[in-house]
Each structure stands twice: as C-alpha cells, then as structure tokens.
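Here are the chains, one letter per residue:
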Amino acid sequence: MKEKHNNKKLNIKNDIQRGQEDVHADLTDKDIFYREKILNGSMLRVVLYIGIPLALFQSLNQLFAILDTMMASHISPTSVSAVAYLAQLQFLLTAIGGGLATGAGIQISRAYGEGDFVMVKKRISSIYSLCLIIGLLLVGIIFPFAKIFLKLAGTPHELIMAGVSYFRIQLIVMVFTFLNNIYIAVERARGYSRRILYLNLTVIVTKLSLTAVFVYVFNCGLEMIAVASLISQLILFCFALKNSISGDNAFGFSKNCITTDKNVNLPMIKTSIPIILEKMLFASGKTIVNSMCNIYGSLMVGAMGVSNNLGGITTNPQNGFQDGTSAIISQNFGAGKYKRVIQAFYKTVLVNVIMSTVICGITVLNINFFSHLFDGGDPEFQKLIILVYKYEAVGGVPLGVFAAVMAMLYGLGKTKLTMVLNVSRIFIFRIPVFWFLQNFTSYGDRSVGIVMMVSNISVAVMAVVTALIVVPKYKKQYILSKEKPA
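Residues numbered from 1 in each chain as written. Predicted model: local features only at pLDDT ≥ 70, side-chain atom pairs only at ≥ 80, totals over all residues. Heavy atoms only, no water.

**Brief notes about the pattern of salt bridges**
Test applied: What counts as a salt bridge is simple: a side-chain nitrogen of Lys or Arg found within 4 Å of a carboxyl oxygen of Asp or Glu. Strands here mean DSSP runs of E at least two residues long; helices mean DSSP runs of H or I at least four residues long; both are numbered from the N terminus. Per-residue accessibility, obtained with a 1.4 Å probe over protein chains only, is compared with the maximum for each type, and a residue is labelled buried under 20%, exposed over 50%, and partly exposed between these values.
The tally for this structure, following the rule as stated, stands at three salt bridges. The partner of Arg190 in a salt bridge is Asp31, with the nearest N and O atoms 3.1 Å apart. On the criterion of sequence distance, the pair formed by Arg190 in the loop between helix H7 (157-189) and helix H8 (193-217) and Asp31 in helix H2 (residues 29-40) is long-range, its members being 159 residues apart. This pair shows no difference in class: Arg190 is buried, exactly as Asp31 is. Ionic contacts of the salt-bridge type, sharing partners, join the residues Asp31, Glu187, Arg190 and Arg195 into one network.

**Considering the confidence of the model for the protein chain**
For clarity, the cut-off: Values of pLDDT, which run from 0 to 100, indicate the predictor's confidence residue by residue. For this analysis, residues touch if any pair of their heavy atoms sits within 4.5 Å.
Here the protein chain averages 87 in pLDDT, while 92% of its residues score no lower than 70. Of all helices and strands in the protein chain, the one with the weakest mean pLDDT is helix H1 (residues 2-19) (44), whereas helix H15 (residues 396-411) scores best (97). Below a pLDDT of 50 lies the segment residues 1-21, which in the model reaches 19 contacts outside its immediate sequence neighbourhood of four places, other chains included.

**Comments concerning the nonpolar core**
What counts, and what does not: As used in this record, nonpolar core signifies buried Ala, Val, Leu, Ile, Met, Phe, Trp, Tyr and Cys residues forming a set joined through side-chain atoms within 4.5 Å.
Counting residues in hydrophobic clusters, the biggest one holds 140 residues, and the most contacted among them are Ile108, Phe167, Phe251, Leu310, Ile328, Phe402 and Met408. Contact partners of Phe251, with chain neighbours within four places excluded, come to Leu27, Asp31, Ile108, Tyr112, Val120, Ile124, Val186 and Arg190.

**Quick notes on the packing of helix H16 (residues 415-427) against helix H18 (residues 446-479)**
Helix packing for two helices is described by the angle between their axes and how far apart those axes are. Going by this rule: Comment: axis = line fitted to C-alpha atoms, over the contacting stretch for helices; angle = value between 0 and 180 degrees taken between N-to-C directions. Angles are sorted into four bins: roughly parallel if under 35 degrees, roughly antiparallel if over 145, roughly perpendicular if 65 to 115, and oblique for all others. Put simply, a crossing is left-handed when the front helix is turned counterclockwise from the back one by less than a right angle, and right-handed when it is turned clockwise.
Look at H16 against H18: their axes get within 9 Å of each other, and the N-to-C directions meet at 155°. Relative to H18, the element H16 lies roughly antiparallel. Note that H16 runs across H18; the crossing there is right-handed. Packed against H16, whose contacting residues are Leu417, Val420, Leu421, Ser424 and Arg425, the element H18 presents Ser455, Asn456, Val459, Met462, Ala463, Thr466 and Val470 at the interface.

**What about the packing of H8 against helix H9 (residues 222-244)?**
Operational definition: Side-chain classes are defined by residue name, with Ala, Val, Leu, Ile, Met, Phe, Trp, Tyr, Cys and Pro counting as nonpolar, Asp, Glu, Lys and Arg as charged, and the others, Gly among them, as polar.
Here H8 crosses H9 at 155°, and the two axes come no closer than 8 Å. Judged by the angle between their axes, H8 and H9 are roughly antiparallel. Pair H8 / H9 crosses with right-handed handedness. Taken together, the residues of H9 that come into contact with H8 (itself represented by Arg195, Leu199, Thr202, Val203, Thr206, Lys207, Leu210, Thr211, Phe214 and Val215) are Met224, Ile225, Val227, Ala228, Ser229, Ile231, Ser232, Gln233, Ile235, Leu236, Phe239 and Asn243. Taken together, the residues that form the contact of H8 with H9 break down as 13 nonpolar, seven polar and two charged.

**Examining the environment of Ala228**
Within the secondary structure, Ala228 sits in helix H9. Among the residues examined, Ala228 registers a relative accessible area of 0% and is labelled buried. Counting along the chain gives 167 residues from Ala228 to Asn61, while the straight-line C-alpha distance between them is 14 Å. Non-local contacts of Ala228, meaning those with residues more than four positions away in its chain, are made with Lys207, Leu210, Thr211 and Phe214.

**Some thoughts on empty space enclosed by the protein**
Applied cut-off: Site definitions follow a grid-based scheme: protein atoms alone, a 1 Å grid, a 1.4 Å probe that fits but cannot get out for cavities, and for pockets an open set with protein on both sides within 12 Å along at least five of seven lines, plus lining residues having an atom within 4 Å of a point. Grid points are joined across faces, edges and corners, and a volume is the space filled by probe spheres set on the points.
A full pass over the atoms with the stated rule returns four cavities of 30 Å³ or more. Approximately 70 Å³ is the volume found for the second largest cavity. Every residue lining the second largest cavity is listed: Thr102, Gly105, Ile106, Ser109, Ala185, Arg188, Ala189, Ser326, Ala327 and Ser330. Contributions of two or more residues to the lining of the second largest cavity are made by helix H4 (77-114), H7 and helix H11 (298-334).

**What about helix H10 (residues 262-292)?**
Inclusion rule: A helix is expected to reach a length of 1.5 Å times the quantity of its residues less one. Polar contacts here mean pairs of N or O atoms no more than 3.5 Å apart (in protein, one a potential hydrogen donor and the other a potential acceptor; neighbouring residues in sequence count only if both atoms are side-chain atoms).
Taking 1.5 Å as the rise per residue, H10 with 31 residues should run 45 Å; its terminal C-alpha atoms sit 43 Å apart, in good agreement. Where H10 begins, the capping side chain belongs to Asp261, and its oxygen is found 2.9 Å from the backbone nitrogen of Asn263.

**Structural notes on unusual backbone geometry**
One non-glycine residue, Asn219, lies in positive phi territory at about 55°. Considering the arrangement of structural elements, one finds Asn219 in the loop between H8 and H9. By relative accessible area, Asn219 is classed as exposed at 58%.

**Quick look at the packing of aromatic side chains**
Keep this limit in mind: A pair of Phe, Tyr and Trp rings is counted when the ring centres sit within 6.5 Å of each other, with Trp represented by its six-membered ring. The angle between the planes then sorts it: under 30 degrees is stacked, over 60 is edge-to-face, the rest tilted. Counted as over-ring charges are cases with an Arg CZ or a Lys NZ within 6 Å of the ring centre that also lie within 35 degrees of the ring normal.
Applying the stated criterion across every chain yields a total of 17 aromatic pairs. Each ring, one from Phe333 and one from Tyr474, has its centre 6.5 Å from the other, and the planes form 40°; the classification is tilted. Taken together, the positions of Phe333 in helix H11 and Tyr474 in helix H18 put the pair 141 residues apart, joining distant regions of the chain. Measuring from ring centre to ring centre gives 5.1 Å for Phe333 and Tyr478, while their planes differ by 80°; the resulting arrangement is edge-to-face. Here the residue Phe333 occupies a position in helix H11, and Tyr478 occupies one in helix H18, the gap between them amounting to 145 residues. Here the aromatic residues Phe33, Tyr34, Tyr49 and Tyr192 are joined through ring pairs into a cluster of three or more. Sitting over the face of the ring of Tyr49, Lys37 holds its NZ or CZ atom 4.9 Å from the ring centroid. We note Arg168 situated over the ring of Phe143; from NZ or CZ to the ring centre the distance is 5.8 Å.

**Looking at a nonpolar patch on the surface**
Rules: Patch building starts from residues that exceed 30% relative accessible area and form no salt bridge, then joins like charges within 9 Å and nonpolar side chains (Val, Leu, Ile, Met, Phe, Trp, Tyr) within 5 Å. Surface accessibility follows the Shrake-Rupley procedure with a 1.4 Å probe radius. Residue values consider only the protein chains on display as shielding.
Together, Val213, Tyr216, Val217 and Phe218 make up a nonpolar patch on the protein surface, roughly 400 Å² of accessible area in all. With respect to the secondary-structure elements, Val213 resides in helix H8. For Val213, a relative accessible area of 35% translates into the label partly exposed.

Here you go:
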C-alpha cells in the first residue's frame with residue numbers, strides 16, 4: 001500500500017517536472033495529500049471533509065448578512081429595506097466576478113485533476129488580471145452616476161436617499177470582492193476549505209466589530225456599514241495577496257503566467273458566461289420581484305429581505321456543499337474517475353436533505369424569536385416577516401436536492417443547464433406566478449410568501465427531472481469507459 005502511494009506521488013512529481021520547461025508549477029506535500037484524498041478517499045468522508053468548512057463559511061456569510069440587517073434596523077426600518085434592496089443590485093454587479101470565479105474554479109479543478117499544473121498556474125494568473133480590469137471598469141462607469149443607476153433599477157426614492165452613499169462605497173468593495181472570490185475559488189479547487197473558513201472568520205469578526213462600533217457607539221448611518229465591509233474585504237485581500245505570491249507553487253500568481261492564449265482562457269470564459277448571465281438575470285429578477293412588492297409598502301420589501309436571510313440559514317449551508325462537491329466532481333472528472341462523480345452527487349443529496357430538514361425545522365419552530373431580532377421593535381414589521389417566511393420555509397428541503405443537482409452540473413461544466421434552471425426559477429416560477437397572484441387572487445400580502453414557496457419547490461422538481469436525464473446519459477457515456485488511474 002505504501003509502495004502504491006509512493007508511486008502515485010512520483011507520478012505527480014513527474015507531471016510537475018514535465019511542466020517546468022517553461023513555467024515552474026510545484027505542488028506542496030499538502031497539495032499532494034489533498035489531491036490523493038479527493039481522487040481516492042471514501043467519497044462520503046471527502047464530501048463532508050471539504051463541504052463542512054464551506055457550509056460553515058456560507059453560514060457565516062449569512063450570519064454576516066443577518067447581523068448587518070439587525071444593526072441596520074437599529075438605525076431605522078427604512079435602513080433595513082435599503083440594505084435588503086441594494087443587496088440585490090450589488091449582487092447583480094458582483095455576478096460578473098462571481099461568475100468568472102465559479103467558471104474559472106471549475107476549469108482550474110479540472111486541470112488539477114488532469115495533472116496539468118502549469119495550466120493551473122496560467123489560468124489562475126490570467127483570471128486574476130481579467131477580474132481586476134472588469135472591476136475597475138465597472139466602478140469607473142457607475143460610481144459617478146450612482147443615483148441615476150439606482151433610479152433606473154426601480155429603487156424607491158426614499159431608499160435612494162437613504163442608501164446612495166452606502167451603494168457607492170459598496171462599489172469599491174466590489175473590486176476587492178472580485179479578487180477575493182477568485183482566491184476563494186482557487187483555495188476550494190485545491191481542497192483548502194478549512195483555510196477558507198478560518199479566513200472568513202477573521203473577516204466576519206472584523207466586519208461585525210466595526211459595524212457594531214459605528215452603529216451602536218457612534219450612531220453612524222448606513223455608509224459606515226459599507227466602510228466596515230470595505231475594511232474587512234481589504235483584510236481578506238491582504239491574506240489572498242500573501243498566499244498567492246508564492247513563488248513556484250502551482251496555485252500562486254505570476255505575472256509571467258498572464259496570457260491571452262485561448263487554450264488557457266477560452267474554457268474558463270465559455271464556462272463562466274452562462275454562470276454570469278444566470279447570476280445577473282437571477283439578481284435582476286429578484287430586483288423586479290422587490291419592485292412588485294412595493295404595492296404592499298416599503299416595509300414588505302424589508303420583510304421579504306429578512307425572510308430571505310432567514311431562509312439562507314438553511315440554503316447557505318446547502319450552497320457550501322454545492323461549492324465543495326462541484327470542485328470534487330470537477331477534479332475527479334478531470335482525472336477520469338467517472339464513477340466517483342456520481343458517488344459525490346448521491347452523497348451530497350443525502351447530506352443536504354438531512355441537514356436541511358434539521359436546520360429548517362429549527363428556524364420554523366423558533367420563528368417568533370428569529371423574526372423579533374429584525375423587527376426593530378415594530379410589531380407590524382414582525383408580522384410581515386413571519387407571514388412571508390412561513391411559506392418560504394416550505395421550500396427549504398427541496399432546495400437541498402436542487403443544490404446537489406447544481407453541484408453535479410457545475411462540476412461537469414454544464415453551466416448552460418445551470419443557467420436554464422436558475423433563470424427558470426425567477427422568470428418562470430416566480431415573476432409570472434407573482435403577477436398572477438397579485439392580479440387574479442385575493443391573497444394580498446400572503447402572495448409574497450406563496451410565490452417564494454412555489455418557485456423554490458418548482459425549480460427543485462425541475463432540477464430532479466434534469467438529473468434524471470443527465471445522469472443516465474453520463475453513465476452511458478463515461479461509466480462504461482476505462483477509468484484512468486490517479
């Protein structure tokens with residue numbers, strides 16, 4: 001057994017040596033250990049080992065959003081609505097960097113699984129440069145015309161007045177978020193999910209501490225919440241910079257590896273474009289839904305935002321396992337470990353369903369407690385939050401299956417299908433259904449929660465149908481083929 005492991009390690013080093021003719025791309029012993037685990041270890045253990053830190057990472061991000069909303073509620077209920085509304089617009093913009101990070105991560109993981117470590121280094125260096133250029137261009141175009149942009153996006157006047165300074169600072173945050181997303185995608189590709197968790201803990205503690213001081217001690221407005229975000233993202237960027245400037249390491253950045261070679265960039269771009277469109281359309285669709293909520297008053301916009309945050313307590317851990325599993329699948333697919341791809345998918349379905357049932361049950365049983373954290377002392381606002389969430393929570397467990405299907409599709413590079421699923425979620429199952437409920441039923445305020453329930457369950461069913469088509473075709477095409485050794 002030991003001899004077998006040493007032979008595998010030697011093969012990896014031989015792969016590295018072949019790539020050192022033009023560019024140095026070494027692996028550390030830790031990298032070799034993680035690669036061996038992902039390609040040959042017990043799949044359930046691999047999914048849990050990689051997924052749990054990422055699930056905690058996503059949960060901490062959700063906690064960050066929830067506590068941000070709580071602190072905003074200390075300023076005023078309007079501030080809660082402003083943060084909830086502007087968050088969707090920010091997501092619309094950050095979808096570009098997030099899509100590039102996801103698409104690049106898929107192709108980096110695949111090249112890593114294939115053993116092409118020089119390609120890994122070239123893709124990492126090139127995608128960093130591309131994201132920096134795009135981020136700076138977006139800031140230069142939107143920052144001077146922030147009010148106009150918010151108005152065109154259908155933002156209510158009172159929310160524009162309350163949040164324009166906040167939005168401008170968040171545009172600067174966006175540039176660093178672009179780069180940090182790439183760094184996180186790179187660390188995820190190499191299996192360093194615990195490092196992602198630890199770094200995120202540092203960022204969260206910094207962000208929340210600064211926000212608490214700004215809001216509760218100095219009684220600052222929303223713009224200082226954005227400043228706290230900027231400082232925390234700068235800290236993460238400094239860690240990213242330190243860990244990325246790592247000499248000959250395959251996962252480091254090198255200006256000599258920045259290239260316009262289509263063999264390096266085209267797979268990342270082709271994989272990323274559907275993801276970018278998916279994220280942008282989904283975010284714009286959610287903005288439309290927010291605008292449709294305006295007929296129920298600005299407090300309902302805030303209530304839906306709070307309900308989404310509460311729903312995120314369940315769905316964000318799902319997304320963590322989705323991210324981890326997509327990297328696992330991509331690596332194993334690149335290495336020719338085709339059976340392990342399907343194993344990873346099934347194990348993630350199991351984990352997500354069990355986890356979602358437990359978490360969703362806890363939030364539903366304690367909805368009075370959770371809603372009171374965000375109501376700012378306004379009983380009417382609390383009633384609206386409960387009204388929306390009691391329906392939205394019904395889709396929590398089905399979305400766990402949806403996340404597992406998305407992980408499989410992302411890992412296989414089938415991003416056009418992921419785009420179809422997410423776009424359908426908002427533009428088929430949410431906006432038209434919401435319009436119907438508003439115009440042809442007497443549900444009133446309840447329509448906001450009902451449409452969330454309907455769209456989440458419907459897209460989960462659509463994802464299951466997609467998996468029932470994709471999995472048999474995949475098995476027919478790959479499982480019968482001879483698998484390559486790691």
